[in-house]
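Chain by chain, the residues:
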Amino acid sequence: MPQARNPQLNAHGELIHLLSIEGLPREVLHHILDTAGTFLSVNDREVKKVPLLRGKSVFNLFFENSTRTRTTFEIAAKRLSADVINLDIARSSTAKGESLLDTIANLSAMHADMFVVRHGESGAPYLIAKHCAPHVHVVNAGDGRHSHPTQGLLDMYTIRHFKKDFHQLTVAVVGDIVHSRVARSDIHALTTLGAPEIRAVGPKTLVPGDLKEMGVRVCHDMAEGIRDADVIIMLRLQNERMSGAMLPSASEFAKTYGLTPEKLALAKPDAIVMHPGPINRGVEIDSAVADGGQSVILPQVTFGIAVRMAVMSIIAGNVA
Ligand code: CP
């Protein structure tokens, strides 16, 4: 039976949407990271603009809250000279019951060229991509628990910036992995880019068992999980996605899995500490670590602009 084509790629294997990191070839990931590198310097110019998306309309559709992703997508699109429209979902006709696809059809009638979509339902960006005209591009800005591909890519950019090569790295992803679209995107990206040891660290209730099948080492013991790690990615407890008692309490979780300077000392001395944000200080990460010398949490945000510029400029240059 012929294999179904990855809906993110055209017949030439070029990226036309960014929906998930899963299934993207290593060359595509490197192309995005390399392109992001060329955009970093745009942020330092007096006139922070390049004309690559001049005349294009980018619609930001955030059906879930966001600070970093929404703002850096807007900055990235403006730096590429696009016209940016931020739909205020709370004041939109979604509140009157308009369906997602009707909203998309109406915005398409306004000559949208690209939709950047965050949605609580896993798969919503795929649905939109399936129903858009061939010239319209879709970027997933986080869907349910499924995927957050630009966060995964900016995390890879950050790791490559500080550690240069993925092939020697031990990366520990710590915390609420079961609810985390970032964890899934990071694990797919790290696997594709050749990181030899990926650890998923957390209590049994928050670490899915199927990660072992993806070659991930599951550790329920924090010390075992972060010992000699080169990179530690801390994740937020996603209380809004938890049903029932998945944890004894946040303070119990903090005691066992919260990253303190004492626990960080178990990792390599030059280990970097990452977090996609927003951070819960005193829960998954101590302020002394979040604001400390090994934290690269704010550089992650800055790199996000260049990575999102890269994604938007690459997909806009390819046709279905
Ligand atoms: N990392 C991340 O997705 O943050 P926001 O929810 O603020 O966009």
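Looking up the chain in an unreviewed UniProt entry gives the name Aspartate carbamoyltransferase, with the organism given as Piscinibacter koreensis. A UniProt comment under Sequence similarities (unreviewed entry) is attached to the chain, and it reads "Belongs to the aspartate/ornithine carbamoyltransferase superfamily. ATCase family."

The next thing to look at is the packing of aromatic side chains. Applying the stated criterion to the full structure yields three aromatic pairs. Here Phe 253 and Tyr 257 contribute two aromatic rings whose centre-to-centre distance is 5.6 Å and whose plane-to-plane angle is 35 degrees, an arrangement assigned as tilted. Placement of both Phe 253 and Tyr 257 in helix H8 (residues 250–257) is noted, with a separation of four residues, approximately one turn of the helix. Residue classification places Phe 253 among the buried residues on the basis of a relative accessible area of 3%. In this structure Tyr 257 comes out as buried when scored by relative accessible area, which is 7%.

Two numbers describe how helix H1 (residues 26–39) lies on helix H5 (residues 149–163): the axes approach to 10 Å, and their chain directions differ by 70 degrees. As judged from the angle between their axes, H1 and H5 are roughly perpendicular. The element H1 and its partner H5 pack so that their crossing is right-handed. Judged by residue contacts, Leu 29, His 30, Ile 32, Leu 33, Asp 34, Ala 36 and Gly 37 of H1 engage Leu 153, Met 156, Tyr 157 and Arg 160 from H5. Partitioned by chemical class, the residues of the contact of H1 with H5 number seven nonpolar, two polar and two charged.

Our next topic: the site of the ligand. Around the ligand, the neighbouring residues are Ser 66, Thr 67, Arg 68, Thr 69, Arg 118, His 148, Gln 151, Pro 276 and Gly 277. The separation between a nitrogen atom of the ligand and a polar main-chain atom of Pro 276 is 2.8 Å. Compared with its free state, where it exposes 250 Å², the ligand has 92% of that area covered by protein. Looking at the shell around the ligand, its residues break down into one nonpolar, six polar and two charged. Two domains share the shell around the ligand, each providing at least three of its residues, namely domain 1 (26–148 + 302–316) and domain 2 (150–296).

Moving on, we get to H5. In a regular helix each residue adds 1.5 Å, so 15 residues correspond to 21 Å; H5 covers 21 Å between its end C-alpha atoms and thus fits that length. Along H5, twelve of the 15 residues are buried, which leaves the element largely enclosed by surrounding structure. Taken together, the buried positions of H5 are occupied by Pro 149, Thr 150, Gln 151, Gly 152, Leu 153, Leu 154, Asp 155, Met 156, Tyr 157, Thr 158, Ile 159 and Lys 163. Lys 164 occupies a position one or two residues after H5 and carries a positive phi of about 70 degrees.

This part takes up helix H2 (residues 68–79). For H2, built from twelve residues, the straight-helix expectation of 16 Å at 1.5 Å per residue is met to within 8% by its first-to-last C-alpha distance of 16 Å. Within the sequence span of H2, burial applies to Thr 69, Thr 72, Phe 73, Ala 76, Ala 77 and Arg 79. Looking straight down H2, one finds its buried side chains confined to an arc of 160 degrees; they lie on one side. Next to the buried residues of H2 lie strand S1 (57–62), strand S2 (83–87), strand S3 (114–119), strand S4 (137–143), H5 and helix H11 (297–316).

Let's shift gears to the pattern of salt bridges. A side chain of one charge can pair with a side chain of the opposite charge when the charged atoms of the two come close. Scanning the model with the defined rule gives ten salt bridges in all. Asp 230 serves as the salt-bridge partner of Lys 268, at 2.9 Å between the closest nitrogen and oxygen. You can see Lys 268 sitting in the loop between helix H9 (261–264) and strand S9 (272–274) and its partner Asp 230 sitting in the loop between helix H7 (222–226) and strand S8 (231–234), a full 38 residues away along the chain. According to the relative accessible area criterion, Lys 268 is partly exposed, its value standing at 30%. Here the salt bridges share partners, and the residues they tie into one network are Glu 197, Arg 199, Arg 217 and Glu 224.

The rules behind each value
Residues numbered from 1 in each chain as written. Predicted model: local features only at pLDDT ≥ 70, side-chain atom pairs only at ≥ 80, totals over all residues. Heavy atoms only, no water. UniProt positions renumbered as here; feature names shortened; annotations may be inferred. Phe/Tyr/Trp six-rings, centres within 6.5 Å; stacked < 30°, edge-to-face > 60°. Helix = DSSP H or I, 4+ residues; strand = E, 2+ residues; numbered from the N terminus. Buried < 20%, exposed > 50% of the residue type's maximum accessible area, 1.4 Å probe, protein only. Axes fitted to C-alpha atoms, helices over the stretch in contact; angles between N-to-C directions. Parallel < 35°, antiparallel > 145°, perpendicular 65-115°, else oblique. Left-handed = near helix turned anticlockwise from the far one by under 90°. Contact = heavy atoms within 4.5 Å. Nonpolar A, V, L, I, M, F, W, Y, C, P; charged D, E, K, R; others polar. Near = heavy atom within 4 Å. Polar contact = N/O pair within 3.5 Å; in protein donor to acceptor, adjacent residues only side chain to side chain. Areas by Shrake-Rupley, 256 points an atom, 1.4 Å probe, with all protein chains shown as cover. Domains from an automatic or database assignment. Expected span 1.5 Å × (residues − 1). Arc of directions from axis to C-beta. Salt bridge = Lys/Arg side-chain N within 4 Å of Asp/Glu carboxyl O.

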